[in-house]
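Coordinates in review
What follows is each chain in one-letter form.
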Amino acid sequence: SSPTRTICGTLSLFPQKIIMISGGYDKKIPFDTLGSVIAEKVKVLILLGQTADKMREAVVNSSKFSPETLKLITVNNMSEAVAVARENAIRGDIVSLSPACASFDLYENFAARGRHFKELVNKL
């Protein structure tokens, strides 16, 4: 995953604002462009992993950021992320795992991260 893939993928798919889980291993990639797009397209951003603070900073520093329209929440792990997403979602909301980062800080690889997310969601 990378910021560019998140912008061109997840954040280009939906007309409504979404709830997004992001963050992970820090590959030293800038998040400035992603921050602006998140500020426009996301209503709740749930951050985890090594890049949580960097991503938060990119969003908050964006000229498009408004704390009235985008809620930022930092969590410690995927279990917390899914729980927070559920707490903040209303009927019809889209919740997406779109990390924009590699998984190596919390998982062996991207497939393990995805499987864990899917397991947690299926238990809801």
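Predicted model, so just to flag it, every value in this text is computed and none were measured.

1. Observations concerning the confidence of the model for the chain
Mean pLDDT over the chain: 91, with 100% of residues reaching 70 or higher. Helix α1 (residues 3–8) is the least confidently modelled element of the chain, averaging 83 in pLDDT, while strand β3 (residues 71–74) averages 98, the highest of any element.

2. Things to note about the pattern of salt bridges
By the definition in use, this model includes four salt bridges. As a salt-bridge pair, K54 and D26 come within 3.2 Å of each other at their nearest N and O atoms. Remark: D26 occurs in the loop between β1 (18–22) and α3 (32–41) and K54 occurs in helix α4 (residues 52–60); sequence separation between them is 28 residues. Between K43 and D93 there is a salt bridge, with the nearest N and O atoms lying 2.9 Å from each other. In this pair, K43 is assigned in strand β2 (residues 42–47) and D93 in the loop between α5 (78–88) and β4 (95–97), connecting sequence segments 50 residues apart. You can call K43 partly exposed: its relative accessible area is 23%.

3. Some words on the pairing of β1
The element β1 is largely enclosed, with a buried count of five among its five residues. By the alternation rule, side chains of β1 split into I18, M20 and S22 and I19 and I21, which are all buried. Relative to β2, β1 runs parallel, the two being bridged by five bridges. Note that in β2 the partner of M20 across the bridge is L45. Handedness of the crossover joining β1 and β2 through α3 is recorded here as right-handed.

Here is what the cut-offs are and how they apply
- Residues numbered from 1 in each chain as written.
- Predicted model: local features only at pLDDT ≥ 70, side-chain atom pairs only at ≥ 80, totals over all residues.
- Heavy atoms only, no water.
- pLDDT = per-residue confidence, 0-100.
- Helix = DSSP H or I, 4+ residues; strand = E, 2+ residues; numbered from the N terminus.
- Salt bridge = Lys/Arg side-chain N within 4 Å of Asp/Glu carboxyl O.
- Buried < 20%, exposed > 50% of the residue type's maximum accessible area, 1.4 Å probe, protein only.
- Pairing = 2+ DSSP bridges.
- Right-handed = clockwise from strand over helix to strand, strands pointing away.

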